[in-house]
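Each chain is listed here by its residues.
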Amino acid sequence: MTPAERREKYLLNEFDRIFESLEYRLFEHLTAADHIVAKIISEASTAGVGLSTSQKVVRAKIEDMIDQIAEKRELESPTRGRKELK
């Protein structure tokens with residue numbers, strides 16, 4: 001294993017350790033968000049909106065919200081810019 005590969009393995013292990021320390025909190029928040037999304041889709045269904053349409057619109061709106069949240073964070077702390085996630 002090269003020094004670069006060892007370093008990459010070390011950094012991935014560090015990332016896993018950091019992620020795992022906050023994973024439960026993130027899971028709880030995502031579970032709560034899932035309940036809200038299910039309510040939105042249920043109410044849209046009652047109004048006659050198809051499941052496929054609801055899922056597409058919700059996904060697009062959530063992606064937009066995530067971008068807005070990241071942009072707000074960047075403005076509040078410009079030294080902590082984000083990297084492109086795609």
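By convention here, each chain's residues receive numbers from 1 onward along its written sequence. Given that the model is predicted, a residue must reach a pLDDT of at least 70 before its local features are reported, and side-chain atom pairs must reach 80 or more before they are shown or counted; all residues, however, enter totals for whole chains, interfaces and linings. The basis for every side-chain value is the complete set of non-hydrogen atoms in the structure, without hydrogens or water.

Caption draft 1: Highlighting the overall build of the chain. Numbering of helices and strands starts at the N terminus; helices are DSSP runs of H or I of at least 4 residues and strands are runs of E of at least 2. Within the chain, the regular secondary structure consists of 2 helices and 0 strands. Counting every position in the chain, which comprises 86 residues, the buried fraction comes to 7%. Where accessible areas are quoted, they stem from the Shrake-Rupley method and a 1.4 Å probe; at the residue level, only the protein chains shown are allowed to cover. Surface summary for the chain: the accessible area is close to 8100 Å², and the carbon and sulfur share equals 59%. Just so you know, the count uses Lys and Arg for positive and Asp and Glu for negative, and it drops His and the chain ends. In this description, the location of a charge corresponds to atom NZ of lysine, CZ of arginine, CG of aspartate or CD of glutamate. A gap of 2 Å separates the mean positions of the 15 positive and 16 negative side-chain charges of the chain. With a 1.4 Å probe rolled over the protein chains alone, any residue whose accessible area is under 20% of its type maximum counts as buried; one over 50% counts as exposed, and the rest are partly exposed.

Caption draft 2: The layout of surface pockets, seen in detail. Size it by volume and the second largest pocket reaches roughly 350 Å³. The distinction between a cavity and a pocket rests on a 1 Å grid over the protein atoms alone: a 1.4 Å probe fits inside a cavity but cannot get out, while a pocket stays open yet meets protein on both sides within 12 Å along at least five of seven lines, and a residue with an atom within 4 Å of a point counts as lining. Surrounding the second largest pocket, F15, I18, F19, L22, E23, R25, L26 and H29 form its lining. Grid points are joined across faces, edges and corners, and a volume is the space filled by probe spheres set on the points.

Coordinates in, geometry out; function isn't part of it.
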